[in-house]
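# Observations on chain architecture
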Amino acid sequence: MIKQLNPPRRILMGPGPSDVHPAVLQSMATPLLGHLDPAFLEIMNETMDLLRQVYQTENKVTLAMSGTGSAGMETLFVNLVEPGDKVIIGVNGLFGQRMVDVALRCGAEVIQVEGGWGDIIRPEKVEEVLQQHKDIKLVAVVHAETSTGVRQPLQELSEIVHRHHALFVCDMVTSIGGIPTKIDEYGVDAAYSGTQKCLSAPPGLAPVTLSPRALEVLANRKGKVQSWYLDLSMIQNYWGEERFYHHTAPITMIYSLREALRLIVDEGLENVFHRHALYGKALHAGLEAMGLELLVNEKHRLHQLTAVRIPTNIQDVEVRKRLLQKYGLEIGGGLGELKGKIWRIGLMGYNARQENVTYALAAIEDVLREHGYHFISGAALEAANRYIRENE
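Residues numbered from 1 in each chain as written. Predicted model: local features only at pLDDT ≥ 70, side-chain atom pairs only at ≥ 80, totals over all residues. Heavy atoms only, no water.

## What to know about the overall build of the protein chain
Heads up, the rule is: Secondary structure follows DSSP: runs of H or I at least 4 residues long count as helices, runs of E at least 2 residues long count as strands, and numbering of each begins at the N terminus. Radius of gyration means the value over C-alpha atoms here, while the globule rule gives 2.2 Å times the residue count to the 0.38 power. Think of it in three bands: with a 1.4 Å probe and only protein chains considered, a residue is buried below 20% of the maximum accessible area for its type, exposed above 50%, and partly exposed in between. Here, residues are in contact when the closest pair of their heavy atoms is within 4.5 Å. Values of accessible area rely on a 1.4 Å probe in the Shrake-Rupley scheme; residue burial ignores everything except the protein chains shown. Charge convention: Lys and Arg are scored as positive, Asp and Glu as negative, and His as well as the terminal groups of each chain are ignored. Working definition for charges: the position is that of NZ of Lys, CZ of Arg, CG of Asp or CD of Glu.
Looking only at helices and strands, one finds 14 helices and 14 strands in the protein chain. Taken against the 2.2 N^0.38 rule, which gives 21 Å for 392 residues, the C-alpha radius of gyration of the protein chain at 21 Å falls within 12% of a compact globule. Principal-axis analysis of the C-alpha atoms gives the protein chain an extent of 65 × 55 × 45 Å. In the protein chain, which comprises 392 residues, the proportion classed as buried is 58%. Relative to all contacts within the protein chain whose residues are 6 or more apart in sequence, the contacts with residues 24 or more apart total 72%. Accessible surface for the protein chain amounts to roughly 16900 Å². Of this, 51% is attributable to carbon and sulfur atoms. Of the side-chain charges in the protein chain, 39 are positive and 46 negative, and the distance between the mean point of each set is 5 Å.

This is the structure in structure tokens:
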């Protein structure tokens, strides 16, 4: 007989998923409604309104696609890109590479602008390519690169892109709910995200938002969107006033998203951003006091996801296994060219709390000492606590 499901308890401080807020879990235990029930349609309206507030936009088409963040990525590319279109994609990590792959599958001619893994995409490099090619349809970058912990500045890049009459598209999977996204202020034409990072909901929905300029491009396509399931020309009619049936909505996941967004709005966006910055920088201070080197320079470093270089002669997988075994603590390893070279530590959403900073630093200190790494005992917690006291 198969036993009742009873997974082990973990503290999820890797690159995602993050721990789900208890109120969000509770919302998922509430009864189902039909996907065209008037009560559920009102919940959808509330979810869209909350999502606009958290995305910091007035865009009418701001809704949640069925699927994880990668479904959001594919949604924007299959709707905005047609075979033969020229697009520029900034690649400074794994998820920039993934955008290239998706765009190529749409039949696009992709021009890559590269940055180092751990560095930003330089606006002047993008402008140089735009000056060489006069028919670029869109430029896409990753706002918060999950594989490296880099925060990409958007405003200058957006101004450059729009001077050349292209759409500006952003991956905001790890940024939404953790740092300002400012869709309207920054002039982002289309963005996608996920629920499992700073929103502290389970993976399973991909919030997207499209500006009027992006919707005009969608409306003027030469051919049908290649994906029926991700076709926004139909899906927006289900989320909009028409309520035209497309596919059965993941009702429980929409409950979870609504509750996650409500918690953020109730706390206040600026308070949420301050909390992520406070505890993220405290974690940085603690790791550096332990003698560890952070991958990204401070100016472009994310607060919610920290990439730390693995010390010489320390085994990546063995340390992560030991943290999981001894403390139930999950942190992430490196991806792509950083595999085996960094750890990725998340303080996202509900997890961005002082007790998690303390727990993670104490656990990492203990396990590193077991593996022969030497440093001043207690220095990490002292540095983190000092930062919090001085900046609360």
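## Some details on a negative patch on the surface
Convention followed: Each patch is built from residues lacking any salt bridge and having more than 30% relative accessible area; the joining distance is 9 Å for like charges and 5 Å for nonpolar side chains (Val, Leu, Ile, Met, Phe, Trp, Tyr). The salt bridge definition used is simple: a Lys or Arg side-chain nitrogen within 4 Å of an Asp or Glu carboxyl oxygen.
Where like charges cluster on the molecular surface, the negative patch consists of Glu124, Glu128, Glu156 and Glu159. Secondary structure elements with two or more residues in the negative patch: helix H5 (123–132) and helix H6 (155–163). Residue position: Glu128 is located in helix H5. Here Glu128 falls in the partly exposed class, since its relative accessible area comes to 46%.

## Observations concerning unusual backbone geometry
With an omega dihedral of 5°, the bond running from Gly16 to Pro17 counts as a cis peptide bond. Structurally, the position occupied by Pro17 is in the loop between strand E1 (11–12) and helix H1 (22–27). Even without glycine at this site, Lys182 takes up a positive phi of about 45°. Along the polypeptide, Lys182 turns up in the loop between strand E8 (167–171) and helix H7 (183–186).

## Focus: the sheet that holds strand E2 (residues 61–66)
Here is the rule we go by: For two strands to be treated as a pair, DSSP must find no fewer than two bridges joining them. Think of each axis as a best-fit line through the C-alpha atoms, taken over the contacting stretch in the case of a helix, with angles from 0 to 180 degrees between the N-to-C directions.
Taken together, seven strands build an open sheet; the order of strands is E2-E10-E9-E8-E5-E3-E4 and the sheet is mixed. With partners counted over all chains shown, the strands left at the sheet margins are E2 and strand E4 (109–114), one partner each. On average, each strand axis in the sheet is inclined to that of its neighbour by 20°, with strand direction left out of account. Sheet topology places strand E3 (residues 86–91) next to E4; six bridges connect them, and they run parallel. Counted as the bridge partner of Ile89 is Gln112 from E4.

## Some thoughts on helix H9 (residues 232–239)
So the rule is basically this: Starting at the helix axis, one direction is taken to each C-beta atom, and the arc is that of these directions.
When we look at burial in H9, the residues that qualify are Leu232, Ile235, Tyr238 and Trp239. For H9, the buried positions fall inside an angular range of 115° around the axis, keeping them on one side. Of the surrounding secondary structure, the elements contacted by the buried residues of H9 are helix H2 (38–55), E2, helix H3 (69–80), strand E10 (205–210), helix H8 (212–219) and helix H10 (251–267).

## Details of the sheet that holds strand E14 (residues 342–346)
Taking strand neighbours across the sheet as the criterion, the three strands line up as E11-E14-E13 in an open arrangement whose pairing is antiparallel. Because the sheet does not close on itself, it has two edges, and the strands there are strand E11 (305–309) and strand E13 (332–333). Note that E11 and E14 share five bridges and pair antiparallel. Bridge pairing in E14 places Arg309 opposite Ile342.

## Brief notes about the packing of H5 against H6
Operational definition: Should an angle lie under 35 degrees it is considered roughly parallel, over 145 roughly antiparallel, and from 65 to 115 roughly perpendicular; all remaining angles are considered oblique. Side-chain classes are defined by residue name, with Ala, Val, Leu, Ile, Met, Phe, Trp, Tyr, Cys and Pro counting as nonpolar, Asp, Glu, Lys and Arg as charged, and the others, Gly among them, as polar.
In the contact formed by H5 and H6, the axes pass within 9 Å of each other and the chain directions differ by 5°. In terms of orientation, H5 and H6 fall into the roughly parallel class. Across from Pro123, Val126, Glu127 and Leu130 in H5, the residues of H6 making contact are Glu156, Leu157, Ile160, Val161 and Arg163. Along the lines of polarity and charge, the residues of the contact of H5 with H6 split into six nonpolar, no polar and three charged.

## A look at the packing of aromatic side chains
Here is the rule we go by: Put simply, two rings from Phe, Tyr or Trp (the six-membered ring, in Trp's case) pair if the centres are within 6.5 Å, and we call them stacked under 30 degrees between planes, edge-to-face over 60, tilted for the rest.
According to the stated counting rule, one finds three aromatic pairs in the structure shown. When the centroid spacing of 6.0 Å and the interplanar angle of 90° are considered together, the rings of Tyr327 and Tyr359 count as edge-to-face. Of this pair, Tyr327 sits in helix H12 (residues 316–327) while Tyr359 is found in helix H13 (residues 354–370), placing the two residues 32 residues apart along the sequence. Judged by relative accessible area, Tyr359 falls into the partly exposed class, the value being 30%.

## Let's talk about the environment of Ala282
Among the secondary structure elements, Ala282 is positioned in helix H11 (residues 269–289). Taking relative accessible area as the criterion, Ala282 reaches 0% and is therefore assigned buried. When the C-alpha atoms of Ala282 and Leu381 are compared, they prove to be 9.0 Å apart, with 99 residues separating the residues in sequence. Ala282 has contacts with Val357, Ala384, Tyr387 and Ile388, leaving out every residue within four places of it along the chain.

## Concerning the nonpolar core
The criterion, for reference: What we call a nonpolar core is a set of buried Ala, Val, Leu, Ile, Met, Phe, Trp, Tyr and Cys residues that are connected through their side-chain atoms within 4.5 Å.
If you look at the biggest cluster of nonpolar residues, it comprises 94 residues, and the most contacted ones within it are Phe40, Phe77, Ile89, Leu138, Val188, Leu210 and Trp239. Ranked by residue count, the leading element in this core is H2, at nine residues. Counting 31 residues, the second largest nonpolar core, distinct from the first, contains Leu292, Leu323, Ile345 and Val357.

## Considering the pattern of salt bridges
Counted under the stated rule, the structure contains 20 salt bridges. Salt-bridge contacts for Lys137 lead to Asp85; the nearest nitrogen and oxygen are separated by 2.8 Å. Of this pair, Lys137 sits in strand E5 (residues 136–142) while Asp85 sits in the loop between H3 and E3, placing them 52 residues apart in sequence. Residue class for Lys137 comes out buried when judged on its relative accessible area of 19%. Linked by salt bridges that have partners in common, Glu46, Arg258, Glu259, Arg262 and Asp266 make up one network.

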